[in-house]
Amino acid sequence: AYDSSGDVRYRISLTFDQMVTSESELLLEGQLIGVVGRPNLTRDVITQNLKLGGSDVIEYTTDDIPATDELDAIIIADAPADRLIPEFIGSISHATTQFINQPKLILSIPTSQLDITDSLNVDHVVQRPTSPLSFIREVSETLAESTVVLDGSQGTIVCIDDDPTHGFLLTTLLEDLGWS
């Protein structure tokens, strides 16, 4: 078809069909997940994705997480403006030591910051941006992984150190933690 100036015009018709994702919608049903980070769009999107997956969500803006909240996982979205990610993760990890059941620590991080993830003590790293379905599956798979908890009743550690002071300190520390 041509318009009055002689230019060619095309008429395009699109039909959108909703994809059925019902098999993945409730992968997180019955899970209580905490989302820690600054109140911003990123945290809101993560929270909505978790709710889409069927989980209950509690949002935190600081690393002050009460032990009464028996969380299955804690997703770290962003550190507060005045804190670095490794320090923030360390304080969250320390805060969860008082929990009866240790929650999984999951870091949601932009792909531009992936170089810092090697030094972090987290159970899983989720790259952003990602689709809601992929995010829900990754969190579900992380929660399904078993956690190995080591304590002194499960084995013996032999300390070998050429410096007697280091050996004594390490032995004392491990004995205090229940190792023989």
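Since this is a predicted model, take the numbers as computed values, not measurements.

Cut-offs and rules
- Residues numbered from 1 in each chain as written.
- Predicted model: local features only at pLDDT ≥ 70, side-chain atom pairs only at ≥ 80, totals over all residues.
- Heavy atoms only, no water.
- Patch = residues over 30% accessible without salt bridge, like charges linked within 9 Å, V, L, I, M, F, W, Y side chains within 5 Å.
- Areas by Shrake-Rupley, 256 points an atom, 1.4 Å probe, with all protein chains shown as cover.
- Salt bridge = Lys/Arg side-chain N within 4 Å of Asp/Glu carboxyl O.
- Helix = DSSP H or I, 4+ residues; strand = E, 2+ residues; numbered from the N terminus.
- Buried < 20%, exposed > 50% of the residue type's maximum accessible area, 1.4 Å probe, protein only.
- Expected span 1.5 Å × (residues − 1).
- Contact = heavy atoms within 4.5 Å.
- Polar contact = N/O pair within 3.5 Å; in protein donor to acceptor, adjacent residues only side chain to side chain.
- Pairing = 2+ DSSP bridges.
- Axes fitted to C-alpha atoms, helices over the stretch in contact; angles between N-to-C directions.
- Core = buried A, V, L, I, M, F, W, Y, C linked by side-chain atoms within 4.5 Å.

Engineer: I'd love a proper account of a nonpolar patch on the surface, names of residues and values included.
Structural biologist: A surface patch of nonpolar side chains, amounting to about 870 Å² of accessible area, comprises Tyr-2, Val-8, Tyr-10, Ile-12, Leu-14 and Phe-16. Along the polypeptide, Ile-12 turns up in the segment before helix H1 (22–25). Ile-12 sits in the exposed class, given a relative accessible area of 69%.

Engineer: Before we move on, can you summarise helix H2 (residues 41–52) with the specific residues and values?
Structural biologist: In this model H2 runs 16 Å from its N-terminal to its C-terminal C-alpha over twelve residues, within 8% of the 16 Å that 1.5 Å per residue would give. Lining the buried residues of H2 we find strand S1 (32–36), strand S2 (56–60), strand S3 (73–76), strand S4 (104–110) and helix H4 (132–144). Structurally, the start of H2 carries an N-cap: the backbone nitrogen of Thr-42 is 3.2 Å from a side-chain oxygen of Asn-40. Residue Gly-54 follows H2 closely and has a positive phi angle near 100°.

Engineer: Tell me about the sheet that holds S3, and name the residues and values.
Structural biologist: The strand order across the open sheet formed by five strands is S2-S1-S3-S4-S5, and the pairing between neighbours is parallel. Among the strands making up the open sheet, the edge pair consists of S2 and strand S5 (124–128). Between one strand and the next, the sheet's axes are offset by a mean angle of 25°, whatever the strand orientation. Summarising the sheet, S1 and S3 pair through four bridges and their orientation is parallel. Looking at the pairing, Val-36 lines up with Ile-76 of S3.

Engineer: Pulling in residues and values, what's your account of the nonpolar core?
Structural biologist: Within the largest apolar cluster, 17 residues are counted, with the highest numbers of intra-cluster contacts made by Val-36, Ile-65, Ile-74, Ile-76, Ile-89, Ile-92 and Leu-107. Breaking this core down by element, the ones donating at least two residues are S3, helix H3 (85–95) and S4. At four residues, H3 tops the list of elements feeding residues into this core. Counting 15 residues, the second-largest nonpolar core is a separate cluster that includes Ala-77, Val-126, Val-139 and Leu-143.

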